[in-house]
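Report on the structure
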Amino acid sequence: MKKRVELAWKLIAILLAIVLVIPGKVCAYNSDEHDKFLREVLFGNTAVRNTDVLDALNDASAIAIDQHNGDGQPTLDELRNVYKIKGLPSSVSKFNVGHGYLHRNYTHKGWNYDYKKNDGDDEAHWGDIRKDILLKTVNQSFDFGFLSGKPLLGYSDQCEGLAALIYYVHVLGDHVANETYSSNYEEIPLIKGNGQLGLIEDLEYYSGLLFTDHSTRTYKSYISELDRIKDDIRGIYYAPADLEDPEIYEQYHGYAEEIMQCLKDYIPLLIKKEKFFQKVFYPELVGK
């Protein structure tokens, strides 16, 4: 009897260990957490006046990046019917991807990652549908000029810059959520190593498109802080296999939090000066 009890307790301990380990590897923030990150990155602690536009951006981010296993139709309907974003697909079946948490491998590898070139198939339709959902929503929510988004002309630099920033805030949020390393995830790494893209490098590039004045002390400090974090990460990371060491991954995870804090510290100050953003969220600043 005693042996049976001991065996039962051992089985319970094993099951508890599995339950405790798995969430760390498949941990992901829900939409509320992602929405909070975006709000803090764009506005800091300032109250948001035009919540409809922010809600539309959150909807587009959720659909473009996280839709999987047939979910998301109400959110897509809201974008089309409530926020009146034109040119969107009518059904998530047009771009649905499965794979549960591993849907990240089909949408989280980078804003300009070429899934067809590197993986042979853009199963989630990142390049031809999902990315455009976010671009269309950003373009129709702000005024980037008459030509932005027109056929054959593409989107303005600022539109692309903001859409990419929104994308990377979401992906970075997942990095922050990943408290333990999982080799099953193929998300864009924090910096470019032996892969095709790096998150900080892309943040710097698209920030250059988004912000018009690169000569201000704030912008220079922002880029300098990203460069500092990038250099620190280079000391511990070159390839995903490096992160299999728990001590290295703990440092790497800490850097993801530092990048997010950097965005929260600087982006609200920078984007508040852009005319397209002022017109929607700070109309009293237009012309000043």
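Residues numbered from 1 in each chain as written. Predicted model: local features only at pLDDT ≥ 70, side-chain atom pairs only at ≥ 80, totals over all residues. Heavy atoms only, no water.

Notes on the overall build of the chain
Within the chain, the regular secondary structure consists of eleven helices and zero strands. When the elements of the chain are put in sequence order from the N terminus, they spell out α-α-α-α-α-α-α-α-α-α-α. Relative to its full complement of 288 residues, the chain shows a buried share of 47%. Long-range contacts, defined as pairs at least 24 residues apart, comprise 67% of the intrachain contacts of the chain with a sequence gap of at least 6. For the chain, the accessible surface area stands at approximately 14,600 Å², while carbon and sulfur atoms represent 53% of it. (Helix = DSSP H or I, 4+ residues; strand = E, 2+ residues; numbered from the N terminus. Buried < 20%, exposed > 50% of the residue type's maximum accessible area, 1.4 Å probe, protein only. Contact = heavy atoms within 4.5 Å. Areas by Shrake-Rupley, 256 points an atom, 1.4 Å probe, with all protein chains shown as cover.)

Thoughts on the packing of aromatic side chains
Following the criterion strictly, the structure yields 22 aromatic pairs and no others. With centroids separated by 5.5 Å and ring planes inclined at 35°, the aromatic side chains of Phe43 and Phe277 adopt a geometry described as tilted. Separated by 234 residues along the polypeptide, Phe43 in helix α2 (residues 31-43) and Phe277 in helix α11 (residues 275-281) bring together distant segments of the chain. With a relative accessible area of 2%, Phe43 lands in the buried category. (Phe/Tyr/Trp six-rings, centres within 6.5 Å; stacked < 30°, edge-to-face > 60°.)

Re the confidence of the model for the chain
A low pLDDT score tells you not to read the predicted coordinates there in detail. Predicted confidence across the chain gives a mean pLDDT of 90, with 90% of residues reaching 70 or more. Of the regions scoring below 50 in pLDDT, residues 1-26 engages in ten contacts with residues more than four places distant in sequence or in other chains. (pLDDT = per-residue confidence, 0-100.)

Observations concerning the nonpolar core
Nonpolar side chains tend to gather and get buried jointly when the protein is soluble and globular. Grouped together as the largest cluster of nonpolar side chains are 80 residues, with contacts concentrated most on Phe142 and Leu162. Looking at this core element by element, the count peaks at twelve residues for helix α7 (residues 157-177). Leave out the neighbours within four places in its chain, and Leu162 touches Leu42, Val138, Phe142, Phe144, Leu210, Ile271 and Phe276. (Core = buried A, V, L, I, M, F, W, Y, C linked by side-chain atoms within 4.5 Å.)

What to know about the packing of α7 against helix α10 (residues 246-271)
At a closest axis distance of 9 Å, the pairing of α7 and α10 adopts a crossing angle of 145°. Helix-helix and strand crossings are classified by hand; for α7 and α10 the assignment is left-handed. Facing Leu162, Leu165, Val169, Leu172, Gly173, His175 and Val176 of α7, the residues of α10 in contact are Tyr249, Tyr252, His253, Ala256, Glu257, Ile259, Met260, Leu263, Ile267 and Ile271. (Axes fitted to C-alpha atoms, helices over the stretch in contact; angles between N-to-C directions. Left-handed = near helix turned anticlockwise from the far one by under 90°.)

Some words on the side chain of Asn58
Assignment of secondary structure puts Asn58 in helix α3 (residues 51-66). Dropping the residues within four chain positions of it, Asn58 is found in contact with Asp35 and Leu38.

Observations concerning the packing of α2 against α3
The description of two helices packed together rests on the angle between their axes and the distance between the axes. Viewed as axis vectors pointing N to C, α2 and α3 meet at an angle of 130°, and their least axial separation amounts to 10 Å. Classed by the angle they form, the pair α2 and α3 counts as oblique. Pair α2 / α3 crosses with right-handed handedness. Here His34, Asp35, Leu38, Arg39, Leu42 and Phe43 of α2 come into contact with α3, specifically with Leu54, Leu57, Asn58 and Asp66. (Parallel < 35°, antiparallel > 145°, perpendicular 65-115°, else oblique.)

What to know about the environment of Asn178
As for its placement among the helices and strands, Asn178 is situated in the loop between α7 and α8 (199-210). C-alpha of Asn178 to C-alpha of Ala256: the two residues are 78 residues apart in sequence and 9.7 Å apart in space. In this structure the side chain of Asn178 is engaged in a polar contact, spanning 3.0 Å, whose partner is the side chain of Arg104. (Polar contact = N/O pair within 3.5 Å; in protein donor to acceptor, adjacent residues only side chain to side chain.)

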